[in-house]
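Chain by chain, the residues:
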Amino acid sequence: MSSSESELDDAATHAASIKRLEEKDPDFYKFLQENEKDLLNFENSADEESESDAENDEEVEEEDPKVIITPQKLSYIKEKIRDAPTIKLCKALMSSFKVVVNQADDSKKGDLSNSEFFNDVVKLCLIDLIPALNKVLNLSAGEDKKRLDPSKSKVWKLVQMPVKSYLKDMLSMISVMKDSSVIIPLLKHIVHLIPFFSLFVKLVKLLLKKMVSSWSNEEETVRVLSLIIIVRVTKSLPKEYLVQVLKEMYFAYIRNTKFTSVSTWPMINFMKRSLTEIYSLNPQIAYEHAFIYIRQMSIHLRNAITTKKKESIQTVYNWQYTHCILLWSHLLCRLVEHDPLKTLIYPLVQITIGVINLIPTAKYIPLRFHLAKALMHISESTGIFVPVLPFMLDVLKIVDFNKKSNFSIKPVEFSCALKVTKSQLNEAGFKDSCISELCSLVVEYLKSYSSSIGFPELALPVVLQFKSFTKQCKVSKYNQELKTVLSKIEENSLLISEKRRVVSFSFADNDQVKKWEEKIRSEGTPLMKFKIETKKKVVVVMDKDMPPKKKKRQQK
């Protein structure tokens, strides 16, 4: 059947339904005559309809403030749009949505005080509008949504301005709504509207700006949906859009890392991981941004080292600077195969070491541990050796563990701290946390090299310093913790020493060395097994600390 014949059939069907409507509901038919004559005149030829629609394209964007959307009209749209959608019905539904947006924004354009009616309009748009537009524009449902181009449709110009107006209204609705239970379905709807947004430059910019805001401020589901929209939109747009979005996301990340607590850590980690994934879409842009921002960090650090002023030191010793180091270290580990980015590892490591050494006092031991973890991540993920052990072992020299401590109820939590107060420095809880964190990080670091053929030499400074400390320390529980770790390190060293005694290849043969190390790693080492056992103990302790669940009363 040709398109003209199909349009004539649609017109005949519509005319028949209008005639039945006149018999069943004469009042509503009279209303249509007064307010919506175009719905009644559908029996005109398809050519005439196209011409009139084309002439009115520029006027569709501005809605008539006198238009009133009644439940009867909505019921008619709902009845027809799913099975027999037309351009007129799509326009009518999008006009209805404009009215409810105005209502939500306390506008006087529409008189819709009934919240149930409001919900019906929004629900109808979210469920039926996209399928209806796809049918009207003759877009294949199975076609890749990311590459869908509505502008290629022959009738696109007939709905272009109403769709543009609808997209604006959708952005307005998201801005007005505060409840995430409402925002979530709207964002899911926007995911399907991306091919339409991509056709309007200004609307795309507004959409991306709003999504970046939602990605950095809203609850988890909203943030995830916003990220999906950002990724899908930027994939189909030129490079400059991605550049601008990444800048805004980076600044949003910095703003959200000013304060760090147990409740904000999950959001910060999500932002760090998702920002890294979007950077990975274009490693060239990632390199350009990383180069600029790592250079800025080095300038701040240089000023702090040379001036030694309180203000310049505070620009470095804060959560935002620390989280920037964590972000770029995570990115460089993620894109280590990209050669230009690989060149930034050395300056970032030097910056991190410089920050640790800026004020090497007990007050900033929490910051030291955070940065040591970043260096460990770089070393493990990139395969580049970073000498992290000295910065961790210095804790045994910086803190006087023999000095009498004040009583503390619980250990000091380092995960959400960069520094400790003077009173905390004298508490037993602070020293407990130092020893516990030190042992954990030493095991974590050496575990990565536990199958290395040079492990005994690498672990030797730890063995010597731990033994020296246990001889001088008078606190038995600290000595016990260190001796437990020390025994596992020595056991691991003994294993590697014995196995490498019987090798037949030269240590200069890198291929043979790698095969030998892979075999040791597959068999497992004492430090690997110790780390697994420690994790299991931690889980058991956490379970014991959890309050017991109340037993439900059994119903008789």
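This report concerns the structure included in the present document. Every chain begins its residue count from 1, and numbering advances along the sequence as written. A pLDDT threshold of at least 70 governs which residues receive local features in this predicted model, and a stricter bar of 80 or more applies before side-chain atom pairs are shown or counted, although totals over entire chains, interfaces and linings include all residues. Hydrogens and water molecules were not included; the side-chain quantities draw on all heavy atoms of the structure.

1. Considerations on the overall build of the protein chain
Part 1 of the reasoning: Helix numbers and strand numbers start at the N terminus; a helix is a DSSP run of H or I with at least 4 residues, a strand a run of E with at least 2. Of regular secondary structure, the protein chain possesses 28 helices and zero strands.
Part 2 of the reasoning: Counting the 556 residues in the protein chain, one finds 48% classified as buried.
Part 3 of the reasoning: The contact criterion used is simple: two residues touch if any of their non-hydrogen atoms lie within 4.5 Å. A separation of at least 24 residues holds for 72% of the contacts in the protein chain among residues at least 6 apart in sequence.
Part 4 of the reasoning: Each accessible area value is a Shrake-Rupley result obtained with a 1.4 Å probe; residue values ignore everything except the protein chains displayed when judging cover. For the protein chain, the accessible surface area stands at approximately 30500 Å², while carbon and sulfur atoms represent 52% of it. Remark: exposure states derive from per-residue accessible area (1.4 Å probe, protein chains only) relative to the maximum for the residue type, with buried under 20%, exposed over 50%, and partly exposed in between.

2. Examining the nonpolar core
Part 1 of the reasoning: To define a nonpolar core, start from buried Ala, Val, Leu, Ile, Met, Phe, Trp, Tyr and Cys residues and group those joined through side-chain atoms within 4.5 Å. Within the largest apolar cluster, 172 residues are counted, with the highest numbers of intra-cluster contacts made by W328, V355, F401, L446 and I489.
Part 2 of the reasoning: The leading source of residues in this core is helix 8 (residues 115–136), at 11 residues.
Part 3 of the reasoning: Every residue in contact with I489, bar those within four places of it in the chain, is listed here: V442, L446, F455, A459, V462, V463 and L527.

3. Quick notes on a positive patch on the surface
Part 1 of the reasoning: Surface patches are drawn from residues lacking salt bridges whose relative accessible area is over 30%; two like charges belong together within 9 Å, two nonpolar side chains (Val, Leu, Ile, Met, Phe, Trp, Tyr) within 5 Å. Every case where a carboxyl oxygen of Asp or Glu lies within 4 Å of a side-chain nitrogen of Lys or Arg is listed as a salt bridge. For the purpose of counting charges, residues Lys and Arg are taken to be positive, whereas Asp and Glu are taken to be negative. His and the chain ends are not included. For the purpose of locating charges, the reference atoms are NZ of Lys, CZ of Arg, CG of Asp and CD of Glu. Residues K310, K363, K419 and K422 make up a contiguous surface patch of positive charge.
Part 2 of the reasoning: Residue position: K419 is located in the loop between helix 22 (395–398) and helix 23 (422–425).

4. Things to note about helix 17 (residues 319–334)
Part 1 of the reasoning: Multiplying one less than the number of residues by 1.5 Å gives the expected span of a helix. For helix 17, with 16 residues, the first-to-last C-alpha span of 22 Å sits near the 22 Å given by 1.5 Å per residue.
Part 2 of the reasoning: When you tally the buried positions in helix 17, you get 14 out of 16 residues, the bulk of the element.

5. Here we look at empty space enclosed by the protein
Part 1 of the reasoning: Buriedness for pockets is judged along seven lines, at least five of which must meet protein on both sides within 12 Å for an open set on the 1 Å grid over protein atoms alone, while cavities are sets there where a 1.4 Å probe fits but cannot get out, and lining residues have an atom within 4 Å of a point. Grid points are joined across faces, edges and corners, and a volume is the space filled by probe spheres set on the points. According to the stated counting rule, one finds three cavities of 30 Å³ or more in the structure shown.
Part 2 of the reasoning: Size it by volume and the second largest cavity reaches roughly 50 Å³.
Part 3 of the reasoning: If you list the elements that add at least two residues to the lining of the second largest cavity, you get helix 19 (345–358) and helix 20 (365–382).
Part 4 of the reasoning: Class assignment for the residues of the lining of the second largest cavity results in eight nonpolar, one polar and one charged. Each residue receives one of three labels: charged for Asp, Glu, Lys and Arg, nonpolar for Ala, Val, Leu, Ile, Met, Phe, Trp, Tyr, Cys and Pro, and polar for the others, Gly being one of them.

6. Let's talk about the packing of helix 9 (residues 156–176) against helix 11 (residues 201–217)
Part 1 of the reasoning: Their axes nearest at 11 Å, the elements helix 9 and helix 11 cross at an angle of 20 degrees. On the basis of the axis angle, helix 9 is roughly parallel to helix 11. Crossing hand, helix 9 versus helix 11: left-handed. Across from K164, L167, K168, L171, I174 and S175 in helix 9, the residues of helix 11 making contact are L203, L206, L207, K210 and M211.
Part 2 of the reasoning: Classifying every residue of the contact of helix 9 with helix 11 gives seven nonpolar, one polar and three charged. Every axis corresponds to a line fitted to the C-alpha atoms, with the helix fit spanning only the stretch in contact, and the corresponding angles, defined between N-to-C directions, vary from 0 to 180 degrees. By definition in this entry, angles of less than 35 degrees are roughly parallel, angles greater than 145 are roughly antiparallel, angles of 65 to 115 are roughly perpendicular, and the rest are oblique. A clockwise turn of the near helix away from the far one marks a right-handed crossing, whereas an anticlockwise turn of less than a right angle marks a left-handed crossing.

7. Some remarks on the environment of I194
Part 1 of the reasoning: Of note, I194 is situated in helix 10 (residues 180–197).
Part 2 of the reasoning: Its relative accessible area of 6% is what places I194 among the buried residues.
Part 3 of the reasoning: It is 7.7 Å that separates the C-alpha atoms of I194 and R232, two residues lying 38 residues apart in sequence.
Part 4 of the reasoning: When neighbours within four sequence positions are excluded, I194 is seen to be in contact with I229, R232 and V233.

8. Quick word on the pattern of salt bridges
Part 1 of the reasoning: Tallied over the full model, the rule gives 12 salt bridges.
Part 2 of the reasoning: Across the salt bridge formed by E491 and K488, the nearest N and O atoms sit 3.8 Å from each other. One end of the pair is E491 and the other is K488, both in helix 26 (residues 476–501) and three residues apart, which spans about a single turn.
Part 3 of the reasoning: Judged by its relative accessible area of 40%, E491 falls in the partly exposed class.
Part 4 of the reasoning: Given the relative accessible area of 24%, K488 is considered partly exposed.

9. Some details on the layout of surface pockets
Part 1 of the reasoning: Approximately 1400 Å³ is the volume found for the largest pocket.
Part 2 of the reasoning: Lining the largest pocket are 38 residues, with K373, S436, E437, S440 and L441 positioned closest to its centre.
Part 3 of the reasoning: Broken down by secondary-structure element, the contributors of at least two residues to the lining of the largest pocket are helix 14 (265–279), helix 17, helix 20, helix 24 (428–448), helix 26 and helix 28 (526–545).
Part 4 of the reasoning: When residues in the lining of the largest pocket are grouped by element, the largest group, nine residues, is from helix 24.

10. Details of the packing of helix 15 (residues 283–307) against helix 17
Geometrically, a packed helix pair is captured by the angle between its two axes and the distance between the axes.
Part 1 of the reasoning: Put simply, helix 15 and helix 17 touch, their axes get as near as 11 Å, and they point 145 degrees apart. For the pair helix 15 and helix 17, the crossing hand works out as left-handed. In this structure, helix 15 contributes A286, H289, A290, Y293, I294, M297, S298, H300 and L301 to the contact, and helix 17 contributes Y321, C324, I325, W328 and L331.
Part 2 of the reasoning: Broken down by class, the residue content of the contact of helix 15 with helix 17 amounts to 11 nonpolar, three polar and no charged.

11. Some points on the environment of D432
Part 1 of the reasoning: One can find D432 in helix 24.
Part 2 of the reasoning: Overall, the relative accessible area of 17% leaves D432 in the buried class.
Part 3 of the reasoning: Considered as a pair, D432 and Y478 are 46 residues apart in the sequence and their alpha carbons are 7.7 Å apart.

12. A word on unusual backbone geometry
Part 1 of the reasoning: Of note, N138 is a non-glycine position whose phi angle comes to about 60 degrees, a positive value.
Part 2 of the reasoning: Within the element layout of this structure, N138 appears in the loop between helix 8 and helix 9.
Part 3 of the reasoning: On the basis of relative accessible area, N138 is assigned to the exposed category, the value being 70%.
Part 4 of the reasoning: If you check the backbone angles, K308 has positive phi at about 60 degrees while not being a glycine.
Part 5 of the reasoning: Looking at where K308 falls in the secondary structure, it is placed in the loop between helix 15 and helix 16 (310–314).

By themselves, these observations are geometric and do not establish any function.
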